[in-house]
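Structural characterization, general
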Amino acid sequence: MRTRTVLVTGGAGGIGRAVAAAFTAAGDTVVIADRDAPRVTETARALGVRGRVLDITDPDAIARELDAVQAELGPVEVLVNNAGLLTVHGSLLDLAGSDLDTILRTNVVGTFLMTQEVARRMIGAGVAGTVVNISSIGGRQPTPGMGGYESSKAAVDALTRWAAIELAAHGIRVNAVAPGPVLTEMLALGMPEGSPQRKAWEDRIPLRRLAAVDDVAAATVFLAGDGAAHITGTSLPVDGGQLLT
Ligand SMILES: NC(=O)c1ccc[n+]([C@@H]2O[C@H](COP(=O)([O-])OP(=O)(O)OC[C@H]3O[C@@H](n4cnc5c(N)ncnc54)[C@H](O)[C@@H]3O)[C@@H](O)[C@H]2O)c1
């Protein structure tokens, strides 16, 4: 496959890092963008990719960083909207409205702003690119205490369909990957193997294991590739069958 310019938001995090590594292994030129400056430097160096410090909720910063990427590498051809907040939770009766604002601002508005700015540049440059959003099966299946986050991911699925139907005329495909719980380093620390919390999650999954970051990365590379040329507007579960239960 020809080398493409791939931008992975949240690329310094657990899943984003694996996604960036997978596109690099496929021969693409990868830029990670993340608001965590020290981890951007460390991850970019470790993977041999470019790194940009970017907060996806800041429209001016998005425009500035995309202009810089385009000046160096040409327009972004693959955008992976992976940056997200997934640690702010609370029950319906307890979650502060300001916390829900924070979740939605990053997961929904940030994903929207990135998609809008990248799509404008793709269209301006005549690039029939593609976008992959990292959603969650939580957008379709509730877990008590996680509804704020889950609402944001239901919105990401709707945003995926919205962008797909409007951008199809420009040849731009937009899809999502919807993982179940993913065994990132952070999750492994919080739920060590054999812990009751880990077992409770595994027991909900017909294939009896949490997703590996590489499971999510493989689905993302597939949806961004020629093998998915006729797929747009879908949200592909990578959940070991959890949505079947
Ligand atoms: N880990 C899971 O179990 C799981 C399951 C389903 C979906 N997801 C989704 O996968 C994506 C990645 O999750 P992860 O597990 O790797 O989490 P993570 O916390 O390791 O990584 C998220 C990254 O996003 C960055 N980020 C957060 N807000 C940002 C902002 N405003 N601007 C720029 N960067 C920002 C963080 O700095 C971090 O590096 C998220 O969208 C998450 O909702 C995760």
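Above: the structure in question.
First, a word on scope: everything that follows refers to the structure included in this document. Please read all numbers here as calculations on a predicted model, not as lab measurements.

**Brief notes about the overall build of the protein**
In terms of regular secondary structure, the protein is built from eight helices and seven strands. For the protein, whose C-alpha radius of gyration is 17 Å, the value lies close to the compact-globule estimate of 18 Å for 245 residues. Along the longest, intermediate and shortest principal axes, the C-alpha atoms of the protein span 50 × 40 × 35 Å. Taken over 245 residues, the protein has a buried fraction of 48%. Sequence-distant contacts, at least 24 apart, represent 70% of the contacts inside the protein between residues at least 6 apart. Total accessible area on the protein stands at roughly 11300 Å², and carbon and sulfur atoms take up 57% of it. A gap of 3 Å separates the mean positions of the 21 positive and 26 negative side-chain charges of the protein.

**Some words on the sheet that holds strand β1 (residues 5–9)**
By definition, the strands of a sheet pair up through backbone hydrogen bonds, in either a parallel or an antiparallel sense. The parallel open sheet is built from seven strands, whose spatial order is β3-β2-β1-β4-β5-β6-β7. Strand pairing shows two members of the sheet lacking a second neighbour, β3 (50–53) and β7 (235–238), which therefore form its edges. The average angle at which neighbouring strand axes cross in this sheet is 20°, direction not considered. Relative to the sheet, helix α5 (residues 147–167) contacts β5 (130–134), β6 (173–179) and β7, its axis offset from that of β6 by approximately 160°.

**Considerations on the site of the ligand**
Residues in close proximity to the ligand total 29 residues, the closest being Ile15, Asp34, Asn82, Tyr149 and Val182. One nitrogen or oxygen atom from the main chain of arginine 35 is found 3.3 Å from a nitrogen atom belonging to the ligand. In the environment of the ligand, a nitrogen atom lies 3.0 Å from a nitrogen or oxygen atom belonging to the side chain of aspartate 55. Burial of the ligand by the surrounding chains reaches 93%, relative to a free accessible area of 820 Å². Of all elements in the fold, only α1 (14–25), α5 and α6 (185–190) reach the threshold of two or more residues within the shell around the ligand. Taken together, the residues that form the shell around the ligand break down as 13 nonpolar, eleven polar and five charged.

**Section: the side chain of threonine 5**
On the secondary structure map, threonine 5 appears in strand β1. Owing to a relative accessible area of 6%, threonine 5 belongs among the buried residues under this scheme. The residues contacting threonine 5, other than those within four sequence positions of it, are Thr29, Val69, Leu73, Gly74, Pro75, Val76, Glu77 and Val78.

**Focus on the side chain of aspartate 157**
Along the polypeptide, aspartate 157 turns up in helix α5. Taking the relative accessible area as the measure of exposure, aspartate 157 reaches 6% and is therefore buried. Polar contacts involving the side chain of aspartate 157 include one to the side chain of serine 235, which spans 2.9 Å. Beyond its immediate sequence surroundings of up to four residues, aspartate 157 is in contact with Ser135, Arg140, Ala176 and Ser235.

**Some thoughts on the nonpolar core**
Ranked by internal contacts, the top residues of the largest apolar core, which has 26 residues, are Val6, Val8, Val19, Phe23, Val30, Val80 and Val177. Elements supplying a minimum of two residues to this core: β1, α1, β2 (29–34), β4 (78–81), β5 and α8 (213–224). In terms of residue count, α8 provides more of this core than any other element does, six residues in total. Setting aside anything within four residues of it in sequence, one finds valine 6 in contact with Phe23, Asp28, Thr29, Val30, Val31, Val78 and Val80. Counting residues in each nonpolar core, the second largest holds 24 residues, with Leu7, Ile56, Ile62 and Val118 among its members.

**Some remarks on the environment of proline 192**
Inspection of the secondary structure assignment puts proline 192 in the loop between α6 and α7 (196–202). Note: C-alpha distance between proline 192 and glycine 51 (141 residues apart in sequence) is 31 Å.

**Thoughts on helix α3 (residues 59–73)**
Here α3 contains 15 residues, and its C-alpha end-to-end distance of 21 Å stays within 8% of the 21 Å for a straight helix at 1.5 Å per residue. Inspection of α3 places Ala61, Ile62, Glu65, Leu66 and Val69 among the buried residues, and these make up the whole buried set. The buried residues of α3 all sit within an arc of 125° when viewed along its axis, so they share a single face. More than 90 degrees from the buried face of α3, the exposed residues found are Asp60, Arg64 and Ala71. Each element contacted by the buried residues of α3 is listed here: β1, β2, β3 and α4 (97–125). For α3, the N-terminal cap is aspartate 58; the gap from its side-chain oxygen to the backbone nitrogen of aspartate 60 is 3.1 Å. Just beyond α3, the residue with positive phi is glycine 74, at close to 85°.

Analysis parameters
- Here the residue numbering is sequential within each chain, running from 1 through the sequence in written order.
- It should be noted that, the model being predicted, local features are given only for residues of pLDDT at least 70 and side-chain atom pairs only at 80 or more, the latter also being counted only at that level, while totals for whole chains, interfaces and linings use all residues.
- The side-chain values count all of the structure's non-hydrogen atoms but skip hydrogen atoms and water molecules.
- Numbered from the N terminus, helices here are DSSP runs of H or I no shorter than four residues, and strands are runs of E no shorter than two.
- We compute the radius of gyration from the C-alpha atoms alone; for a globule the expected value is 2.2 Å times N to the 0.38, where N is the number of residues.
- Burial classes follow relative accessibility: with a 1.4 Å probe on protein chains only, a residue under 20% of its type's maximum area counts as buried, one over 50% as exposed, and anything between as partly exposed.
- A contact between two residues is defined here by any heavy atoms of the two lying within 4.5 Å.
- Per-residue and other accessible areas follow the Shrake-Rupley method at a 1.4 Å probe size, with only the shown protein chains counted as cover for residues.
- For the charge count, each Lys or Arg is scored as positive and each Asp or Glu as negative, with His and the chain ends excluded.
- Charge positions come from single atoms, namely NZ of Lys, CZ of Arg, CG of Asp or CD of Glu.
- Being paired, for any two strands, means DSSP has found at least two bridges between them.
- Lines fitted to the C-alpha atoms define the axes, with helices restricted to the stretch that makes contact. Angles between their N-to-C directions range from 0 to 180 degrees.
- A molecule or strand has a residue near it when one of that residue's heavy atoms lies within 4 Å.
- Polar contact is defined as a pair of N or O atoms within 3.5 Å, subject to the rule that within protein one atom must be able to donate a hydrogen and the other to accept it, and that residues adjacent in sequence are counted only when both atoms are side-chain atoms.
- Just so you know the grouping, Ala, Val, Leu, Ile, Met, Phe, Trp, Tyr, Cys and Pro go in nonpolar, Asp, Glu, Lys and Arg go in charged, and all remaining residues, Gly too, go in polar.
- Only buried residues count toward a nonpolar core. Its members are Ala, Val, Leu, Ile, Met, Phe, Trp, Tyr and Cys residues joined through side-chain atoms within 4.5 Å.
- One less than the residue count of a helix, multiplied by 1.5 Å, gives the span that helix is expected to have.
- Note that the arc is defined by the directions from the helix axis to the C-beta atoms.

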